[in-house]
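Okay, here's what each chain looks like letter by letter:
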Amino acid sequence: MNNGLFMLATLVAYFLILLVISRRAAGRSDNDTFFRAGRQSSWPLVAFGMIGASISGVSFVSVPGWVAATGMTYLQMCAGFFVGYVAVAFILLPLYYRLRLTSIYDYLEMRYGPAAHRTGALFFLLSKLTGAAARLYLVCLVLQEFVAAPLGVPYPVTVLLILLLIWLYTRRGGIQTLVRTDALQTLCLLLALGGVMWIAARQMGLTPGGVVRTVVESPMCRVFEWNASSSQAFWRQFLSGVFIVIVMTGLDQDMMQKNLTCRTLREAQKDMCVYGISFLPVNLLFLALGILLHAFCASQGIVPPASGDELLPSLVASGALGTLVILPFTIGIVAAAFSSADSAVTAITTSCCIDLLGIERRNLPAGRAERIRRRVHLLTVAAFLGCILLFRALNSTSVIDAIYVMASYTYGPLLGLYVFGLFTHRRAADCAVPFVALGAPLLCALLDYAAPRLWGYVFGYELLMLNGLLTMAGLWVFSSREVPN
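Rules used in this analysis
Residues numbered from 1 in each chain as written. Predicted model: local features only at pLDDT ≥ 70, side-chain atom pairs only at ≥ 80, totals over all residues. Heavy atoms only, no water. Helix = DSSP H or I, 4+ residues; strand = E, 2+ residues; numbered from the N terminus. Axes fitted to C-alpha atoms, helices over the stretch in contact; angles between N-to-C directions. Parallel < 35°, antiparallel > 145°, perpendicular 65-115°, else oblique. Left-handed = near helix turned anticlockwise from the far one by under 90°. Contact = heavy atoms within 4.5 Å. Nonpolar A, V, L, I, M, F, W, Y, C, P; charged D, E, K, R; others polar. pLDDT = per-residue confidence, 0-100. Phe/Tyr/Trp six-rings, centres within 6.5 Å; stacked < 30°, edge-to-face > 60°. Buried < 20%, exposed > 50% of the residue type's maximum accessible area, 1.4 Å probe, protein only. Lys NZ or Arg CZ within 6 Å of the ring centre and 35° of its normal.

(A) Here's a closer look at unusual backbone geometry. Although it is not a glycine, Arg100 sits at a positive phi angle of roughly 50°. Along the chain, Arg100 turns up in the loop between α5 (74-98) and α6 (106-111).

Next comes the structure, spelled out in structure tokens:
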């Protein structure tokens, strides 16, 4: 069996398992199951599954490649992540549970008004749709190269089949299905990571102790950067990690929807803290894999590719790591990609139905509300297909980079809206919120352009915090001292 057929067989078996789990987990196919899982999810299962949901297929191939350029300084940001998860657990989750929210953007209407509600939801939808589609696009390219192209399958057909599979196992149970399939996919991801590390170590004849020594003694094993002018400086990475988690987890419907299915607030807080602790060692293993792969290249006289993203795929494609590595590589990249893509599809469906269409506020008959949800779910999958094919038509990685940059801008207004709402008692004019939310990112873009030219300062992830501060300043200008009800 050639490599393409072997990967295809692995994919088919993997998705059959997902379909079986989704069918057993779905239970009743109603909106309460799809949106909230009946608020009966087991918190350890949610915590474990969120690891896979937070690591995309791009991360699976990208993080190991970072070590050549930045060492292990990414762990500084991961340390900040944990502080951010604690903040989400003890500041935002109590709010969401007290208000019994299904969509977290309902809070914005309670605090500001309907314009703020729609603005927050639209910022999320724009960012999540383009960002998740961009990540899935890049993974589809890898699968096209390794599986579909050798079999003569066109790229659009590959994308359509992948999205149909996601639709099949999420269409009935929604978030209730994802809590279980994400746990499976996290397990597959971690086993795949361990499998690739074991195969690389075996090729070099290293024992577990030898692997540890190889990683620790490598010049790439540099965790802390104390040079304040560096973009990898500790304070910039740590603080950015804190706020990135607050906005991309605590203010993200995709990530919070699973947490809101736990039985109680206390269980959801346990879930968030345990997940936050586990994120550091998981990323440590990804970075250690990168060092191991570079050591393997050096031992075999292989010149690593210029792009770190190509390190692992190139070693798999060339056969340097042997044929056995195809199994964990395939499972790892698919598990990472689909655990993030399927939750994004479900979260977008939820936000469209609740925030934009208001199917729960309108007290629609259960049958009609379910029909609307099914149509929105299918349209969301179609929107993903359109975005991915558009990226393919443009055929430029700079487009993907621009989308990731845009995503960092769209979370800034959400940060400002929530911080202003939670920590001030001023009433901002609801009609002004959309203009403030648009103006702050535009002003940030101007500062990002001017700062290197005028002051020699290059913004990093701290631009997110500046974006949030500018949003808060705009809300303050258009606010009064009246305390909201």
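(B) Representation of the packing of helix α3 (residues 43-54) against helix α13 (residues 265-300) in the model. Their axes nearest at 8 Å, the elements α3 and α13 cross at an angle of 40°. Relative to α13, the element α3 lies oblique. For the pair α3 and α13, the crossing hand works out as right-handed. Mapping the contact onto sequence places Trp43, Val46, Ala47, Met50, Ile51 and Ser54 in α3 and Glu267, Lys270, Asp271, Val274, Tyr275, Ser278, Phe279 and Val282 in α13. In terms of residue class, the contact of α3 with α13 is built from nine nonpolar, two polar and three charged.

(C) Geometry of the confidence of the model for the protein chain. Put simply, the protein chain has an average pLDDT of 83, and 92% of its residues get 70 or more. Between the elements of the protein chain, mean pLDDT differs from a low of 72, seen in helix α4 (residues 57-70), to a high of 93, seen in α6.

(D) Expanded view of the packing of aromatic side chains. Scanning the entire structure with this criterion turns up 14 aromatic pairs. Measuring from centroid to centroid gives 5.5 Å for Tyr105 and Phe124, while their planes differ by 40°, and the two rings are tilted. Of this pair, Tyr105 sits in the loop between α5 and α6 while Phe124 sits in helix α7 (residues 114-148), and the two are 19 residues apart along the sequence. Tyr105 gets classed as buried once you look at its relative accessible area, which sits at 0%. Here the aromatic rings of Phe234 and Phe238 are separated by 5.5 Å at their centres, their planes lie at 20°, and the arrangement is stacked. Residue Phe234 and its partner Phe238 are located together in helix α11 (residues 234-250), separated by four residues, close to a single helical turn. The class of Phe238 is partly exposed, set by a relative accessible area of 23%. When the ring centre of Trp476 is taken as reference, the NZ or CZ atom of Arg426 above it lies at 4.2 Å. A cation over an aromatic ring shows up here: Arg453 above the ring of Tyr449, its NZ or CZ 3.8 Å from the ring centre.

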